[in-house]
Each structure stands twice: as structure tokens, then as C-alpha cells.
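Examination of the molecular architecture
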Amino acid sequence: MGELEDAVMTRVWKWNRPVTVREVLEDLQQERSIAYTTVMTVLDNLHQKGWVRREAEGRAYRYEAVSTRAAYAAALMNEAWSRSDNPAAALVAFFGMMSPEQREALSDAVRMVAGPDNPPSDEGGQGR
């Protein structure tokens, strides 16, 4: 996703409701000079890529996110990880970039995925 697509999607995700080109345009114009047709093209491109769905409302459309920002981030991480020739090394490098808060969130996520009947192992002695 390009920078402008991300800026548009950020608003769609933040508002969490169907939005019009005009609404996105007015919000974006607080940060930059941008034309209505540019926002319309970006939303059309996002629709064609499957990131938003749209529903006609009069002569315009209302756009709504197909998935969450978290799902988008997960897809990006999975794509990057799957392209690595050494996934374990990529994960170690990624974990090394994480803040303590991010590592805590990761630990929480692993516990949620593992479930209460299958707690994650602590083979590396890295317990809390």
C-alpha cells in the first residue's frame, strides 16, 4: 500500500463506518493540498485491490474497510516473513527491534493463540 493509500485507509479504519470521498478529502486537506478526484481515484484503487467495499448512495459511493488495520499489519508481517530464506533469523532480528511493550504484547498474543490447555513452552529460560 502506498503512502496516500495508507493515509486514506487510516481514516477509513479510524472512523470504522462507511465514508464518502468528501469526508476523506476534507480530513486529508487539514494536512495537505489534495484534489477530490485524487481521493476518489485512491478509494477506487483500494476497492479494486479488495481493501474496501463500496455501496452506491445517490451519485456517489460510501466506502467501508473489508478488514481491520491489525489484519493488514499481520498480512504484511506474514508476507515479509515468508520471503525470508531464514525465517528463524528474521524473527530473531524482528524481536530484537521490538520495544519491551511490544514484546509484552507478543507474549500476550502467544498465550491467547496457545490457549489455556496448551501454554507456550519456556525452553529458552526467558520467563518473566
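Residues numbered from 1 in each chain as written. Predicted model: local features only at pLDDT ≥ 70, side-chain atom pairs only at ≥ 80, totals over all residues. Heavy atoms only, no water.

To be explicit about the condition: UniProt positions are given in the numbering used here, feature names are shortened, and annotations may be inferred rather than shown by experiment.
With an unreviewed UniProt entry as reference, the chain is termed BlaI/MecI/CopY family transcriptional regulator, source organism Streptomyces mesophilus. If you open the UniProt record of the chain and go to Sequence similarities (unreviewed entry), you find "Belongs to the BlaI transcriptional regulatory family."

Some points on the packing of aromatic side chains
Defined as follows: Under the pairing criterion, centres of Phe, Tyr and Trp rings, with the six-membered ring standing for Trp, must be within 6.5 Å; the plane angle then separates stacked pairs below 30 degrees from edge-to-face pairs above 60, leaving the rest tilted. Only DSSP runs of H or I reaching four residues or more are called helices, and only runs of E reaching two or more are called strands; each is numbered from the N terminus. Residue burial is assigned from relative accessible area. The probe radius is 1.4 Å, only protein chains are included, and a residue is buried under 20% of its type maximum, exposed over 50%, and partly exposed in between. A positively charged side chain is recorded as over a ring if its NZ (Lys) or CZ (Arg) lies within 6 Å of the ring centre. The angle to the ring normal must also be within 35 degrees.
Within the structure shown, the criterion is met by four aromatic pairs. With a centroid separation of 4.7 Å and 85° between ring planes, the pair formed by tryptophan 51 and tyrosine 72 is classed as edge-to-face. Here tryptophan 51 is found in the loop between helix H3 (36-48) and strand E1 (52-57), whereas its partner tyrosine 72 is found in helix H4 (residues 69-82), with 21 residues between them in sequence. Relative accessible area serves as the criterion here: at 22%, tryptophan 51 is assigned to the partly exposed category. Where phenylalanine 94 meets phenylalanine 95, the ring centres are 6.3 Å apart and the plane angle is 50°; that geometry is what we call tilted. Its relative accessible area of 36% is what places phenylalanine 94 among the partly exposed residues. Members of the aromatic cluster, joined through ring pairs, are Trp13, Trp51 and Tyr72. One residue, arginine 54, lies across the ring of tyrosine 61, its end atom 4.2 Å from the ring centre.

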